[in-house]
Amino acid sequence: YLVSRCSGLWYVKLGKSDENTGVQHMRSIPGITKPHQANLAVLKPNNAAQHIPDGYTFTRWVASMPWWTPLMILAVMALWPALAHAQSRYSTIQAFDALWRWMPFLLKSGFFFNVLISVLAMAIGTFAGVTLGLAQISLYRPIRAIAWYITQLFRNSPWLVLLFIVLLAFPFEVNIFGKIVRIPDWMKGVIGLSFPVMANISEVVRGAVQSVPTAQWEAAESLAFSRRQILWQIILPQCYKRMLPPWMNWYAILTMATPLCSLLGIEELITLSRQAMESEDNHPELLVPFFGFALLLFFAYCYPIARLTIWLERKFAVKL
């Protein structure tokens, strides 16, 4: 046994010596490591990037936008109706006046449901994703295989297709002890969006666990910790900081994907915006003000999340 202490923590390197050669061989940890190919056991530097997939493309794109982007969007929204006024009797003032009248309704009954759907879908997807991610590092090969298959199935499936499947497959009402309980459409949207979130969070959890050096597992096992104790008391506490930035990144992506629910007839911001324009006689001049307002709402909600995600990624980055 080789025992050393660093930063108040004990690190134990366990090995078995060959009686003939005296060479020490490291023992593999099922679901975490693979058997060493070399004769000597070498603890390579930790590289979390090779375990956790880079999914920050969308967040970096949003975070790279300058602060004056909303002002530029507002300028375009103000100029477009003015240019279209030459071909229509519907003025710019009338278009923005219609938006002003519908704005409280769009915020309260529209964008509120987009946020509600994203929060509930993220909560359900996170709980299921953590369970699925831990199943991918299980000691039992059948469990690892099933968890991997489920992860890859929902991770590589179109979100809109999953929404349609859930909408058509799930009942509109269920009978519980003789009492009929209706399932609203927006709840089906929550369930449909939680499946791809579950699969991606599963990969985040698996990558974060595998990024922890194997010496942590070996040291804990030398102190007679069980596998459950190692996971919940030693490994996972080190993974929270690594999982937080990608988790926030996926929440921003999920929020931007909630308008897909409008294609299923779920009453959220985009659906109610179309209904509001229809009630205003569907003037073409209403398109940019109403959909531009929806764009600004999503930008104002997701831009701070994107900036915070990039900051957390830099703060909690593994420094070698």
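Since the model is a prediction, treat every value here as computed from it, not as a measurement.

For the chain, the helix and strand inventory stands at ten helices and six strands. Across the 320 residues of the chain, 42% fall into the buried class. Counting contacts in the chain only where the partners sit at least 6 residues apart, residues at least 24 apart contribute 73% of the total. Summed over its atoms, the accessible surface of the chain is roughly 18,500 Å², and 66% of this surface lies on carbon and sulfur atoms.

All right, on to the pairing of strand S5 (residues 173–176) then. Of the strand pairs in this sheet, S5 and strand S6 (residues 179–182) are connected by four bridges, and their pairing is antiparallel. Bridging across to S6, Val174 finds its partner in Val181. From the end of S5 to the start of S6, which pair antiparallel, there are two residues, and Phe177 there has a positive phi angle of about 55 degrees.

In terms of nonpolar packing, the biggest core is built from 55 residues, with Leu193, Val209, Ile235 and Phe290 touching the most fellow members. Elements represented by at least two residues in this core include exactly helix H3 (92–135), helix H5 (159–169), helix H6 (185–210), helix H7 (214–222), helix H8 (227–257), helix H9 (269–279) and helix H10 (287–315). Here this core gets 14 residues from one element, more than from any other, and that element is H8.

Another aspect to go through is H6. Between its first and last C-alpha, H6 extends 38 Å over 26 residues, near the 38 Å set by a 1.5 Å rise per residue. In H6, a bend of some 25 degrees at Ser194 exceeds every other bend along the element, and Pro196, a proline, comes one to four places later. By the criterion of burial, H6 is predominantly enclosed, with 21 of the 26 residues buried.

One pass over the structure, following the stated rule, counts four salt bridges. In this structure, Asp97 engages Arg101 in a salt bridge whose closest nitrogen and oxygen atoms are separated by 2.6 Å. Of the two residues, Asp97 and Arg101 both sit in helix H3, four residues apart, roughly one turn of that helix. Owing to a relative accessible area of 45%, Arg101 belongs among the partly exposed residues under this scheme. Between Glu203 and Arg206 there is a salt bridge whose closest N-O contact spans 3.1 Å. Of the two residues, Glu203 and Arg206 are both situated in helix H6; the distance of three residues between them amounts to about one turn of the helix. Three or more residues joined by partner-sharing salt bridges are found here, namely Asp97, Arg101 and Glu280.

Moving on, we come to the side chain of Glu203. Its relative accessible area of 6% is what places Glu203 among the buried residues. In this structure the side chain of Glu203 is engaged in a polar contact, spanning 3.1 Å, whose partner is the side chain of Arg206. Contact partners of Glu203, with chain neighbours within four places excluded, come to Gln136, Thr151, Gln152 and Arg155.

Inspection of the entire model under this criterion finds nine aromatic pairs. Note on Trp102 and Phe105: the rings are 5.8 Å apart at their centroids and 65 degrees apart in plane angle, and the pair reads as edge-to-face. Taken together, the residues Trp102 and Phe105, both in helix H3 and three residues apart, mark about one turn of the helix. Judged by relative accessible area, Trp102 falls into the partly exposed class, the value being 23%. With relative accessibility at 35%, the residue Phe105 sits in the partly exposed group. Pairwise contacts between aromatic rings join Phe111, Trp247, Tyr251, Phe298 and Tyr301 into one cluster. Lys188 extends its terminal NZ or CZ atom over the ring of Phe172, reaching a point 3.6 Å from the ring centre.

Before going further, it helps to examine a nonpolar patch on the surface. A cluster of nonpolar residues, Leu139, Tyr140 and Ile143, forms a patch on the protein surface that exposes about 310 Å² of accessible area. Locating Tyr140 in the fold gives a position in the loop between H3 and helix H4 (141–155). Under the relative-accessibility criterion, Tyr140 is labelled exposed at 55%.

To continue, consider the environment of Val204. Relative to the helices and strands, Val204 is located in helix H6. Judged by relative accessible area, which is 6%, Val204 ranks as buried. Separated by 75 residues in the primary sequence, Val204 and Gly129 have C-alpha atoms spaced 8.6 Å apart. Once residues lying within four places of it in the same chain are set aside, the contact partners of Val204 are Met243, Pro246 and Trp250.

The next point concerns the environment of Ala123. When you line up the elements, Ala123 lands in helix H3. In this structure, the C-alpha to C-alpha distance between Ala123 and Val190, residues 67 residues apart in sequence, is 9.8 Å.

Another point: the confidence of the model for the chain. Per-residue pLDDT for the chain averages 79, and the proportion of residues at 70 or more is 72%. Mean pLDDT across the secondary structure elements of the chain bottoms out at strand S1 (residues 2–6), with 43, and peaks at H4, with 94. Taken together, the stretch residues 1–26 has pLDDT below 50 and engages in 46 contacts with residues farther than four places along the chain or on a different chain. Here residues 45–52 scores under 50 on pLDDT; set against residues more than four positions off or in separate chains, the count is 16 contacts.

Analysis parameters
Residues numbered from 1 in each chain as written. Predicted model: local features only at pLDDT ≥ 70, side-chain atom pairs only at ≥ 80, totals over all residues. Heavy atoms only, no water. Helix = DSSP H or I, 4+ residues; strand = E, 2+ residues; numbered from the N terminus. Buried < 20%, exposed > 50% of the residue type's maximum accessible area, 1.4 Å probe, protein only. Contact = heavy atoms within 4.5 Å. Areas by Shrake-Rupley, 256 points an atom, 1.4 Å probe, with all protein chains shown as cover. Pairing = 2+ DSSP bridges. Core = buried A, V, L, I, M, F, W, Y, C linked by side-chain atoms within 4.5 Å. Expected span 1.5 Å × (residues − 1). Bend = angle between axes of the 7 residues up to and from the residue. Salt bridge = Lys/Arg side-chain N within 4 Å of Asp/Glu carboxyl O. Polar contact = N/O pair within 3.5 Å; in protein donor to acceptor, adjacent residues only side chain to side chain. Phe/Tyr/Trp six-rings, centres within 6.5 Å; stacked < 30°, edge-to-face > 60°. Lys NZ or Arg CZ within 6 Å of the ring centre and 35° of its normal. Patch = residues over 30% accessible without salt bridge, like charges linked within 9 Å, V, L, I, M, F, W, Y side chains within 5 Å. pLDDT = per-residue confidence, 0-100.

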